[in-house]
Amino acid sequence: RDTDHDGVNDCDDKCPGTMAGTKVDDLGCPIRIELHGVNFKYDSAELTDSAKGILDGVSETLINFPQKKDIEVKGHTSSEGTSAYNLKLSQRRSASVVSYLKQKGVTNRLVAKGYGEDYPIADNSTEEGRSKNRRVELVWLSE
C-alpha cells in the first residue's frame, strides 16, 4: 500500500502524507516539489488569488506532516527583461512565498532564494516555455 502515492510503501514510508507531485527519497521524505500554478501579478511579487489557494494547501500539508528540515524556496523567471532585473524579481517572488507560508503557520525554516533566468526548464523563445520557466520550487535541505 502507498496511501500518499509517492512510490514508497506505507510500511517503509518515514514521511507519510507527502504532497502530490513531490520527488521523494528512498524513505518517502520530500526532496523537491515544483509548485505548479503559483503565479504572480505581472512584473510583481504579488501572489495571484489562485496562487494563494495553492499555497494554502501546501501550508496545510507542511503543518499536518511536519519535518524538521529547512526548506529553500527557489524562485525562477523567464528570460524576458535583463538578467539582473530577473534575479531581483525572482528573489522578491520567493520571499513573497516564504512570507505567505509563514503567515499561514508553517514552522520550517524557510529560505528565499531567487535564481532569475539561469535555470530554464523549457524553451524561452515561446510563451509556453517562458510560462514553464516562471516557477517556484520547494527544496528540502539536508540536515
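Just above sits the structure.
These figures come from a predicted structure and were not determined experimentally.

### Quick word on the pattern of salt bridges
Once the charged atoms of two side chains with opposite charge are near each other, the side chains can pair.
Move 1: Throughout the structure, instances matching the rule amount to 11 salt bridges.
Move 2: Across the pair R1 and D10 runs a salt bridge, and its minimum N-O distance is 3.8 Å.
Move 3: Here R134 and E127 are joined by a salt bridge, their closest N and O atoms 3.2 Å apart.
Move 4: Through salt bridges that share partners, E80, E127, R130 and R134 make up one connected network.

### Some remarks on the nonpolar core
The tendency in soluble globular proteins is for nonpolar side chains to be buried side by side.
Move 1: Within the largest apolar cluster, 21 residues are counted, with the highest numbers of intra-cluster contacts made by L35, V38, L47, L55, L62, V97 and L138.
Move 2: Once residues within four sequence positions are removed from consideration, L62 is found in contact with M19, I71, V106, N108, L138 and W140.

### Points about the side chain of E117
Move 1: Tracing the sequence through the fold places E117 in the loop between β4 (110–114) and α3 (127–133).
Move 2: Notably, E117 is buried but unbridged: the nearest opposite-charge side chain belongs to R134, and the N-O separation is 10 Å.
Move 3: A polar side-chain atom of E117 sits 2.6 Å from a polar atom in the side chain of N86.
Move 4: Setting aside its immediate chain neighbours within four residues, E117 contacts T77, S78, S79, G81, T82, S83 and N86.

### Things to note about the environment of R1
Move 1: Looking at the secondary structure, you find R1 in the segment before β1 (23–24).
Move 2: With a relative accessible area of 77%, R1 lands in the exposed category.
Move 3: Not counting the four nearest positions on each side in its chain, R1 is found in contact with V8, N9 and D10.
Move 4: At 3.3 Å, the side chain of R1 forms a polar contact with the side chain of T3.

### Things to note about the packing of aromatic side chains
Move 1: In total, this model carries 1 aromatic pair according to the counting rule given.
Move 2: Between Y115 and Y119 the ring centres are 5.6 Å apart and the planes differ by 75°, which places this aromatic pair in the edge-to-face class.
Move 3: A residue is classified by how much of its surface remains accessible, and Y115, at 17% relative accessible area, is buried.
Move 4: In this structure, K113 is placed above the aromatic ring of Y115, and the distance from its NZ or CZ to the ring centre is 5.5 Å.

The rules behind each value
As a convention, each chain's residues are numbered from 1 in the sequence order in which they are written. Where local features are concerned, this predicted model is filtered to residues with pLDDT of at least 70; where side-chain atom pairs are given and counted, the filter is 80 or more; whole-chain, interface and lining totals use all residues. Only hydrogens and water are removed before side-chain values are computed, so all heavy atoms of the structure are retained for them. In the sections that follow, a salt bridge refers to a side-chain nitrogen of Lys or Arg positioned within 4 Å of a carboxyl oxygen of Asp or Glu. Grouping buried Ala, Val, Leu, Ile, Met, Phe, Trp, Tyr and Cys residues that are joined through side-chain atoms within 4.5 Å yields what is termed a nonpolar core. Relative accessibility decides the category of a residue: with a 1.4 Å probe and only protein chains considered, values under 20% of the type maximum give buried, values over 50% give exposed, and everything between is partly exposed. Here, two residues are considered to be in contact whenever any of their heavy atoms come within 4.5 Å of each other. Comment: elements are numbered from the N terminus, with helices defined as DSSP H or I runs of at least four residues and strands as E runs of at least two. Residues scored as positive are Lys and Arg, those scored as negative are Asp and Glu, and His as well as the terminal groups of each chain are ignored. By the criterion applied in these results, polar contacts are pairs of N or O atoms within 3.5 Å in which, for protein atoms, one can donate a hydrogen and the other can accept it, and in which residues neighboring in sequence qualify only through two side-chain atoms. Aromatic contacts are taken between Phe, Tyr and Trp rings whose centres are within 6.5 Å, Trp giving its six-membered ring; a plane angle under 30 degrees counts as stacked, one over 60 as edge-to-face, and the others as tilted. Two thresholds decide whether a charge sits over a ring: the Lys NZ or Arg CZ must be within 6 Å of the ring centre and within 35 degrees of the ring normal.

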